[in-house]
Amino acid sequence: MTSPDTLVFMELAIQQAKLAMDALEVPVGCVIVEDGMVIASGRNRTTETRNATRHAEMEAIDLLLEQWQKNRLSMTEVAKKFSNCSLYVTCEPCRMCASALSNLGIKEVFYGCSNDKFGGCGSILSLHLSDAVSPNKRGFKCAGGIMAKEAVLLFRTFYEQFSPILSKHLRKFKVGYMVSEDLSKDVGKDDIVMGVKRLIGDEEVKKNVEVLREKFRNG
């Protein structure tokens, strides 16, 4: 049975994901908790930064590292603090993020929906498991399926709202590869958002995007 605290922290991660969607980013969000207190949060910013590594988890991790560096914590102290931290994220960490979390020695990860294409916590690879061969890979406890329906609904809302608007526009551009009529089959989530950004000058698209933003803000 999921504890009340876990649900509270996952709800905060959901709120971060909503902020990402409001910013026309794929809706993934997270919080990092130490001793029952949220000490960092993050949301997907891959399109805003034009950097494919700026996943929600990496945003939160870098925020903590920056704070601890300012506080002049040693590497040993940073490792000790990470070992006492828990991550709550709306979608299963990808292979990149799972590997980073393992190397940092985070205590545990709780996630919402699974990541069937890029999951690093059991769906594709199990990078959360410790590895005796690699001393830097400590591994961490992992539990999924927490508020998964809410996390999936965010993705579904994002794709269903944007696909009708962009389907007739994105075919004008080469967004990684040729686009078919059915965006959900051929276009990745970041490709859709990149399409929005590249088309933002189009008055029709701009008008529709503003309508969507208002819908997202109002729930």
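Each remark here, short or long, concerns the structure printed above.
Residues numbered from 1 in each chain as written. Predicted model: local features only at pLDDT ≥ 70, side-chain atom pairs only at ≥ 80, totals over all residues. Heavy atoms only, no water.

Any two packed helices are characterised by how steeply their axes cross, that is the angle between the axes, and by the distance between the axes. At a closest axis distance of 11 Å, the pairing of helix 3 (residues 56-70) and helix 4 (residues 75-82) adopts a crossing angle of 140°. By the angle between their axes, helix 3 is oblique relative to helix 4. Of the two possible hands of crossing, helix 3 and helix 4 adopt the one that is right-handed. From helix 3, Ile61, Leu64, Leu65 and Trp68 reach across to helix 4, where they touch Val78, Lys81 and Phe82. Split into classes, the residues belonging to the contact of helix 3 with helix 4 amount to six nonpolar, no polar and one charged. (Axes fitted to C-alpha atoms, helices over the stretch in contact; angles between N-to-C directions. Helix = DSSP H or I, 4+ residues; strand = E, 2+ residues; numbered from the N terminus. Parallel < 35°, antiparallel > 145°, perpendicular 65-115°, else oblique. Left-handed = near helix turned anticlockwise from the far one by under 90°. Contact = heavy atoms within 4.5 Å. Nonpolar A, V, L, I, M, F, W, Y, C, P; charged D, E, K, R; others polar.)

Residues Ile32 and Leu87 are the most contacted members of the largest nonpolar core, which totals 45 residues. Those residues in contact with Ile32, other than ones at most four positions away along the chain, are Met37, Val38, Ile39, Ala40, Ala60, Ile61, Leu64, Cys85, Ser86 and Leu87. (Core = buried A, V, L, I, M, F, W, Y, C linked by side-chain atoms within 4.5 Å. Buried < 20%, exposed > 50% of the residue type's maximum accessible area, 1.4 Å probe, protein only.)

Here we come to helix 3. Every α-helical turn comprises 3.6 residues, leaving residues that sit three or four positions apart pointing alike. End to end, helix 3 covers 22 Å across 15 residues, agreeing with the expected 21 Å (1.5 Å per residue, within 8%). Elements in contact with the buried residues of helix 3: strand 1 (29-34), strand 2 (37-43), helix 4, strand 3 (85-91) and helix 5 (95-104). (Expected span 1.5 Å × (residues − 1).)

This paragraph deals with the side chain of Thr6. Of note, Thr6 is situated in helix 1 (residues 4-22). Aside from chain neighbours lying at most four places away, what touches Thr6 is Tyr88, Phe110 and Ile146.

The next point concerns the packing of aromatic side chains. Summed over all chains, the structure comprises five aromatic pairs. Taking 5.0 Å as the distance between ring centres and 80° as the angle between the ring planes, the aromatic pair formed by Trp68 and Phe82 counts as edge-to-face. One end of the pair, Trp68, is in helix 3; the other, Phe82, is in helix 4, and 14 residues separate them in sequence. With relative accessibility at 5%, the residue Trp68 sits in the buried group. Both rings, one in Phe155 and one in Tyr159, keep their centres 6.5 Å apart while their planes meet at 10°; by these two values the pair is stacked. On the criterion of helical spacing, the pair formed by Phe155 and Tyr159 is a turn pair, its members being four residues apart in helix 6 (residues 148-170). Joined through ring pairs, the aromatic side chains of Phe9, Tyr88 and Phe110 make up one cluster. (Phe/Tyr/Trp six-rings, centres within 6.5 Å; stacked < 30°, edge-to-face > 60°.)

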